[in-house]
Amino acid sequence: MSDAGAMFNDGKVYERMMGRWSKRVGVQFLDWLDPPKNLKWIEAGCGNGAFTEELIAHCAPLAVTALDPSEGQLKFARTRPAAKMAKFQIGDAQSLPFPDNTFDAAVMALVITFIPDPAKAVRELTRVVRPGGTIATYMWDIAGGGLPVAPVGRAFKAMGKDYSRVSETASKREVMQSLWKDAGLQAIETRVIRITVNFASFEDFYESSVVPVGPAGQVLAGMSPAERKEFDAQVRKQVPIAADGSITYEAFANAIRGKVPG
């Protein structure tokens, strides 16, 4: 997960781009999980703590341990008043520094495509969660065009440019099912979570969605002035602008949950 940590090292900027949408989809995800209160949770790839706040608010946990490879993201996460009870620490989902059966439940929120070896991460989470505990994740359906910033991706594609994640296929429901099954998890269920993405204007969309973080930020940084001008024009073509100037479209994520056997 070190590559993801390097790409997403500014928690404040990432919050502007993705935080609000992460929260919307995260609330639906937690409603679907409907876990009991007073559980010991581990969150792998917590980023800037957007989902951590929702986990604490909606699930009344006994404890939350939240790991991420980016100190920049963790620094922002620690400033969130509603996440104060969480223990934020540097960590890698593929190599968790905890004994077997330490937690009651484990979750990865919008991170599985950034993990170099998703299968290893799922096995690690399964190891540190007690028998009967839940392992769950959700991720924007990247291949299906479900990202909240999908219009930006289409603009890149129209220019013949691409930005890739470590394993975009991991966002597919059938791949998630295979990962959970191969880790030995039981009672596996999946669903699609849909949210409405809305902006007051094209300027609002652009300022929120075209930011210098992540894979897209790396491509933007390498563009010439002429390419950037073309890119800006392509972005405008890719968004549905209403008569009043507002922009509204749908984003969607795939989710999965399973139980540790025993």
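Here the structure is shown first, and the text comes after it.
Residues numbered from 1 in each chain as written. Predicted model: local features only at pLDDT ≥ 70, side-chain atom pairs only at ≥ 80, totals over all residues. Heavy atoms only, no water.

With that settled, the discussion passes to helix α10 (residues 225–238). The end-to-end C-alpha distance of α10, which contains 14 residues, comes to 20 Å, matching closely the 20 Å that a straight helix rising 1.5 Å per residue would cover. Where α10 is concerned, the buried positions are Phe231, Gln234 and Val235. All buried residues of α10 fall inside an arc of 105° around its axis, so they share one side. Residues of α10 that are exposed and angled more than 90 degrees away from the buried face: Pro225, Ala226, Lys229 and Lys237. (Helix = DSSP H or I, 4+ residues; strand = E, 2+ residues; numbered from the N terminus. Expected span 1.5 Å × (residues − 1). Buried < 20%, exposed > 50% of the residue type's maximum accessible area, 1.4 Å probe, protein only. Arc of directions from axis to C-beta.)

Next up on the list: unusual backbone geometry. Phi at alanine 60 is positive, roughly 45°, even though this residue is not glycine. Position of alanine 60 relative to the elements: it lies in the loop between α3 (50–59) and β2 (63–68). Among the residues examined, alanine 60 registers a relative accessible area of 33% and is labelled partly exposed. Backbone geometry at alanine 187 places phi at a positive 50°, although glycine is not the residue there.

It is worth spelling out the pattern of salt bridges at this point. Evaluation of the coordinates by the stated rule reveals 10 salt bridges. With its nearest N and O atoms 2.7 Å apart, the salt bridge here joins arginine 127 to glutamate 124. Linking arginine 127 with glutamate 124, this pair stays in helix α5 (residues 118–128), spanning 3 residues, or about one helical turn. With a relative accessible area of 25%, arginine 127 lands in the partly exposed category. With a shortest N-O distance of 3.5 Å, arginine 228 and aspartate 232 are connected by a salt bridge. One end of the pair, arginine 228, and the other, aspartate 232, are both in helix α10, 4 residues apart, so they sit about a helical turn from each other. Given a relative accessible area of 29%, arginine 228 falls into the partly exposed group. (Salt bridge = Lys/Arg side-chain N within 4 Å of Asp/Glu carboxyl O.)

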